[in-house]
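Each chain, written out:
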Amino acid sequence: MDFELTAEHKMIRDMIYDFARKEIKPIIKEYDKNHEFPMELVPKMGAMGFMGVCLPVRYGGAGMDYISFGLVAEGLEWADSSVRETLAVHLALHALPIFQWGTEEQKQRWLPPLATGEKLACFGLTEPGAGSDVAGMASRARREGDVYILNGEKMWITLADVADRFLVFAKTDPEKKHRGITAFVLERGMPGLTTGTIEDKLGVWASNTGWISMSDVEVPVENRLGEEGEGFKIAMSAIDNARYTVAAGAVGLMKAAMEESIAYAKQRKTFGQPIANYQLVQQMIAQMQQRIDIGELLVYKAGWLKNKGVRNTRETSMAKWFCTEAAFQTASDAVQIHGAYGYSDEYNVARYLRNSKGAVIYEGTSQVHQLIQAGYAFGWRKDKPLRKELPAYDPDYWTAEA
Ligand SMILES: Cc1cc2nc3c(=O)[nH]c(=O)nc-3n(C[C@H](O)[C@H](O)[C@H](O)COP(=O)(O)OP(=O)(O)OC[C@H]3O[C@@H](n4cnc5c(N)ncnc54)[C@H](O)[C@@H]3O)c2cc1C
């Protein structure tokens, strides 16, 4: 067992924190206040290799491993949840499923512009009437010769109104419920495909969250990802990766909240002394540190399993469940330490509190994660091999040009 990050991991960690400090922190408050997506960051993140950090070089990626992916997510959310969400959706929910399930032709066609950030991509699973209950989706796809005709509505989709590409799910065989779902890659501009933005969210104001409407959208057969009926497995394998980035990001948010709470506690005085001197304040800081330490262990273990190519649905679910709840509690304590100032946007902690709540809902609610954990504990839930697993990280393959 080795708890040490490699020199390469330390390098990417330093790079991402440096990027977050110089490029995100100075601008994000304004974007958040204006409820605007910081599109200017996408090409910058692409140029740094973050948009395709764990994709092989042959597909335009940076050729790094899944631990590096977690570190990038952590560093981004240390600065802002909305920016981490962008990477989670674009890379974990869209590009990685193409890498895992796509044909060689699809990988070569779709991945390079995603890895560089030239194209931005999203993932449309949730519908107005179906969130946790994926099999309850109403979207339909019917095949007519060389095309599928898609109809349906997707809701609460991160990047919906700014993305170029859409990985969406629709039923090709409704009788078969979750076994009748198929995955498709849609492109902006396809007739019948429209999108919009959802306003007035509780948090992640700098993230674009929206809806996708499909009205008789003609999708070529070659845009189907995987086989007919494999959509549910594709969606769940994608979510295994995105949950990992959500958990890692939550660790980043907790670190930011703790750093800012310590700085504030040292300078804010009550009754003639800094509030840092009071044991009840120290207790909140100690508990933040405890959550960060536990969260990091869960995240790194999930990343280590991914690197080895071992299925990690249970471990990733545990990391996501723990870290997002821990981040919400940590953000709440950070507001408490800041007192009334924490209740305003003068400091960052109010934004952390708003943003951290979203992560307790998306990528499986905390209730869903408890059902998953109980299912494994009782032995009711078992991982079955997939037709195509996410490959183990092999540095020779990942870094080779072709
Ligand atoms: C900011 C944000 C971004 C998002 N981005 C995306 C995206 O990019 N793509 C995408 O496809 N979706 C996205 N979502 C949607 C998200 O995945 C869903 O909101 C989530 O899956 C929960 O579904 P729901 O909101 O329909 O809640 P529901 O499924 O209706 O659940 C409502 C409540 O009931 C509880 N519940 C449901 N079933 C059970 C059960 N069996 N046992 C116990 N309790 C249960 C839930 O835990 C929850 O508390 C996003 C959501 C948010 C808030």
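Residues numbered from 1 in each chain as written. Predicted model: local features only at pLDDT ≥ 70, side-chain atom pairs only at ≥ 80, totals over all residues. Heavy atoms only, no water.

Chemist: I'd like a rundown of the pattern of salt bridges, residues and numbers included.
Modeler: If you walk through the whole model with that rule in mind, you get 21 salt bridges. Between Asp-14 and Arg-13 there is a salt bridge whose closest N-O contact spans 3.9 Å. Across the pair Glu-40 and Lys-44 runs a salt bridge, and its minimum N-O distance is 3.7 Å. The partly exposed category is assigned to Lys-44, whose relative accessible area is 33%. (Salt bridge = Lys/Arg side-chain N within 4 Å of Asp/Glu carboxyl O. Buried < 20%, exposed > 50% of the residue type's maximum accessible area, 1.4 Å probe, protein only.)

Chemist: An account of unusual backbone geometry is needed here, citing residue identities and associated values.
Modeler: At Trp-156, a residue that is not glycine, the phi angle is positive and equals roughly 65°. Looking at the secondary structure, you find Trp-156 in strand 3 (residues 147-158). If you check the backbone angles, Asp-216 has positive phi at about 50° while not being a glycine. Checked against the element boundaries, Asp-216 lands in strand 7 (residues 209-220). Here Asp-216 falls in the partly exposed class, since its relative accessible area comes to 46%. (Helix = DSSP H or I, 4+ residues; strand = E, 2+ residues; numbered from the N terminus.)

Chemist: For helix 7 (residues 279-308), give the residues involved together with the corresponding values.
Modeler: Counted at 1.5 Å a residue, the expected span for helix 7 with its 30 residues is 44 Å, and the 43 Å between its end C-alpha atoms agrees. Immediately beyond the C-terminal end of helix 7, within one or two residues, lies Gly-309, with a positive phi of roughly 75°. (Expected span 1.5 Å × (residues − 1).)

Chemist: Quick rundown of the packing of helix 1 (residues 7-33) against helix 3 (residues 66-79)? Include the residues and the values.
Modeler: In contact at an axis separation of 8 Å, helix 1 and helix 3 are set at 25° when each is read in the N-to-C sense. Here helix 1 lies roughly parallel to helix 3, going by the angle between them. Considering only the axes of helix 1 and helix 3, their crossing is right-handed. Between helix 1, through His-9, Ile-12, Arg-13, Ile-16, Tyr-17, Phe-19, Ala-20, Arg-21, Ile-24, Lys-25 and Ile-28, and helix 3, the contact on the second element is made entirely by Ile-67, Ser-68, Leu-71, Val-72, Glu-74, Gly-75, Leu-76, Trp-78 and Ala-79. By residue class, the composition of the contact of helix 1 with helix 3 is 13 nonpolar, 3 polar and 4 charged. (Axes fitted to C-alpha atoms, helices over the stretch in contact; angles between N-to-C directions. Parallel < 35°, antiparallel > 145°, perpendicular 65-115°, else oblique. Left-handed = near helix turned anticlockwise from the far one by under 90°. Contact = heavy atoms within 4.5 Å. Nonpolar A, V, L, I, M, F, W, Y, C, P; charged D, E, K, R; others polar.)

Chemist: Describe helix 9 (residues 349-361), with residues and values.
Modeler: Val-349, Ala-350, Arg-351, Tyr-352, Arg-354, Asn-355, Ser-356, Ala-359 and Val-360 are the residues of helix 9 that are buried. Next to the buried residues of helix 9 lie helix 1, helix 3, helix 4 (81-101), helix 6 (231-267), helix 8 (313-342) and helix 10 (366-378). Downstream of helix 9 by one or two residues, Glu-363 has phi in the positive range, about 60°.

Chemist: Describe the domain arrangement of the chain, with residues and values.
Modeler: The assigned domain composition of the chain is domain 1 (7-120), domain 2 (122-231) and domain 3 (235-397). Domain 1 and domain 3 are separated by 19 Å when their C-alpha centres are compared. Contact residues are listed per partner, giving 34 residues for domain 1 and 42 residues for domain 3. Summing both partners gives a buried area of about 3,200 Å² for domain 1 against domain 3, and 54% of it is carried by carbon and sulfur. Its largest share of buried area at the contact with domain 3, domain 1 owes to Tyr-66, Gln-100 and Trp-101, together 23% of the area lost on that side. At the surface where domain 1 touches domain 3, the tally comes to 4 salt bridges. For Lys-255, the salt bridge is made with Glu-74, and the minimal N-O distance between the two is 2.9 Å. Counting the contacts that link domain 1 with domain 3 gives 20 residue pairs in polar contact (both at pLDDT 80 or more). Among the elements of the structure, helix 1, helix 3 and helix 4 are those that each provide at least two residues to the side of domain 1 that touches domain 3. (Domains from an automatic or database assignment. Buried area = accessible area lost by both parts, 1.4 Å probe. Polar contact = N/O pair within 3.5 Å; in protein donor to acceptor, adjacent residues only side chain to side chain.)

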